[in-house]
Amino acid sequence: MNQSRLFFEFNTENIILALSNKKNMVTPFISYCKANHTLSPKFIKLIRSDAYILEVSRHQDLTQILQDTDSTFFLSSGLIRKYIEHQGKDITLDFLSEDNLLDSDLFKYQYLEGQELRLKALEDSRLIVMPHALINKLLRHCPESGFILKTLMTRKIYQLNEQAALSRIPDASSRYQIFCSLFSNPKRIPGKYLASYLGMRQETLSRIKASTELN
């Protein structure tokens with residue numbers, strides 16, 4: 001069997017996992033790491049040999065597949081919404097665009113009175129999948145891995161602090177304007193999800209957008 005073209009399909013979902021021999025597809029993660037630290041040939045070789053690609057279609061639910069995959073995920077293209085359902089309401093927690101990380105360990109925890117974290121693609125998306133076994137190899141054999149991991153964690157903590165600060169701004173218009181300064185292209189996000197994330201009604205968001213465009 002030719003492993004470079006081996007695919008796995010999951011039920012009726014149009015989710016495809018492609019094995020790792022497509023070197024150009026894992027390049028975005030390697031380039032991202034290179035921007036933070038010099039990489040050894042061993043690091044690059046392990047990523048190219050052990051990482052693989054997860055491609056999902058717009059509106060696809062990613063929750064189950066990520067739950068069942070003991071891995072870290074790097075979003076190389078696309079947009080993903082992170083949300084929970086609480087008391088019959090759909091609450092958006094975050095939007096993940098390019099160069100963001102996810103980890104299957106997130107699904108070990110429950111949120112707001114036992115609610116399950118859920119993920120859905122808002123655009124056709126591609127993730128680079130790095131099994132935890134690969135992460136452990138990198139940490140054992142590539143000294144730069146610890147520094148890269150620290151850099152990625154620091155960036156994520158900074159993003160979470162930004163989100164926490166944004167949620168506490170009392171003025172709805174200011175929340176929207178600050179969000180637009182933080183998110184590179186807010187027009188990618190459907191209004192109903194952005195309104196949920198910003199803690200306002202969709203009608204309020206529409207009025208703020210119209211007022212902002214006039215000014």
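Anyway, here's the lowdown on the structure attached to this text. (Residues numbered from 1 in each chain as written. Predicted model: local features only at pLDDT ≥ 70, side-chain atom pairs only at ≥ 80, totals over all residues. Heavy atoms only, no water.)

Moving on to the environment of serine 206. Relative to the assigned elements, serine 206 resides in helix H8 (residues 202-214). Separated by 14 residues in the primary sequence, serine 206 and lysine 192 have C-alpha atoms spaced 9.7 Å apart. (Helix = DSSP H or I, 4+ residues; strand = E, 2+ residues; numbered from the N terminus.)

Attention shifts here to the packing of helix H2 (residues 41-50) against helix H4 (residues 132-141). The axes of two packed helices give the description: the angle between them and the distance between them. Viewed as axis vectors pointing N to C, H2 and H4 meet at an angle of 170°, and their least axial separation amounts to 10 Å. Relative to H4, H2 is oriented roughly antiparallel. The chirality of how H2 crosses H4 is right-handed. Residues Lys42, Phe43, Leu46, Ile47 and Asp50 of H2 pack against Leu134, Lys137, Leu138 and His141 of H4. Residue classes in the contact of H2 with H4 are distributed as five nonpolar, one polar and three charged. (Axes fitted to C-alpha atoms, helices over the stretch in contact; angles between N-to-C directions. Parallel < 35°, antiparallel > 145°, perpendicular 65-115°, else oblique. Left-handed = near helix turned anticlockwise from the far one by under 90°. Contact = heavy atoms within 4.5 Å. Nonpolar A, V, L, I, M, F, W, Y, C, P; charged D, E, K, R; others polar.)

A separate point is the sheet that holds strand S6 (residues 89-96). Spatially, the three strands line up as an open sheet ordered S6-S5-S8, and their pairing is antiparallel. Only two strands of the sheet have a single neighbouring strand rather than two, namely S6 and strand S8 (118-121). When the angles between neighbouring strand axes are averaged without regard to direction, this sheet yields 35°. Helix-sheet contacts for helix H7 (residues 191-198) involve strand S5 (80-86) and S6, and the interaxial angle to S6 is about 95°. (Pairing = 2+ DSSP bridges.)

Taken N-terminus to C-terminus, the directions of helix H6 (residues 172-182) and H7 make an angle of 110°; their axes are 11 Å apart at the nearest point. If you check the angle between H6 and H7, you find them roughly perpendicular. The two elements H6 and H7 cross, and the hand of that crossing is right-handed. Touching Arg175, Tyr176 and Phe179 of H6 are Leu194, Tyr197 and Leu198, all from H7. Split by residue class, the contact of H6 with H7 holds five nonpolar, no polar and one charged.

Let us look at the packing of aromatic side chains. Counted under the stated rule, the structure contains six aromatic pairs. When the ring of phenylalanine 29 is compared with that of phenylalanine 74, the centres are 5.1 Å apart and the planes differ by 65°; the resulting orientation is edge-to-face. With phenylalanine 29 in helix H1 (residues 23-34) and phenylalanine 74 in strand S4 (residues 71-77), the pair connects residues that are 45 residues apart, well separated along the chain. Residue phenylalanine 29 is classed as buried on the basis of its relative accessible area, which comes to 5%. Cluster of aromatic residues (ring-pair linked, three or more members): Phe95, Phe179, Phe183 and Tyr197. Taking the ring centre of tyrosine 83 as reference, the NZ or CZ of arginine 81 above it sits at 4.0 Å. Arginine 81 extends its terminal NZ or CZ atom over the ring of tyrosine 193, reaching a point 3.9 Å from the ring centre. (Phe/Tyr/Trp six-rings, centres within 6.5 Å; stacked < 30°, edge-to-face > 60°. Buried < 20%, exposed > 50% of the residue type's maximum accessible area, 1.4 Å probe, protein only. Lys NZ or Arg CZ within 6 Å of the ring centre and 35° of its normal.)

We now examine unusual backbone geometry. One non-glycine residue, histidine 59, lies in the positive phi region at around 75°. Topologically, histidine 59 is positioned in the loop between strand S3 (52-56) and helix H3 (63-67). Residue histidine 59 is classed as exposed on the basis of its relative accessible area, which comes to 53%. Positive phi values are uncommon outside glycine, yet aspartate 99 reaches one of about 70°. Inspection of the secondary structure assignment puts aspartate 99 in the loop between S6 and strand S7 (100-103).

To continue, consider the nonpolar core. By size, the foremost hydrophobic cluster in this structure holds 21 residues, and its most contacted members are Phe29, Phe43, Ile47, Ile128 and Met130. When residues of this core are traced back to their parent elements, those giving at least two are H1, H2, strand S9 (125-131), H4 and helix H5 (144-167). Sort the elements by how many residues they give to this core and H1 lands first, with six residues. Every residue in contact with isoleucine 47, bar those within four places of it in the chain, is listed here: Val26, Phe29, Ile30, Met130, Leu134 and Leu138. In this structure, Val56, Leu66, Leu75 and Leu96 belong to the second largest nonpolar core, which totals 18 residues. (Core = buried A, V, L, I, M, F, W, Y, C linked by side-chain atoms within 4.5 Å.)

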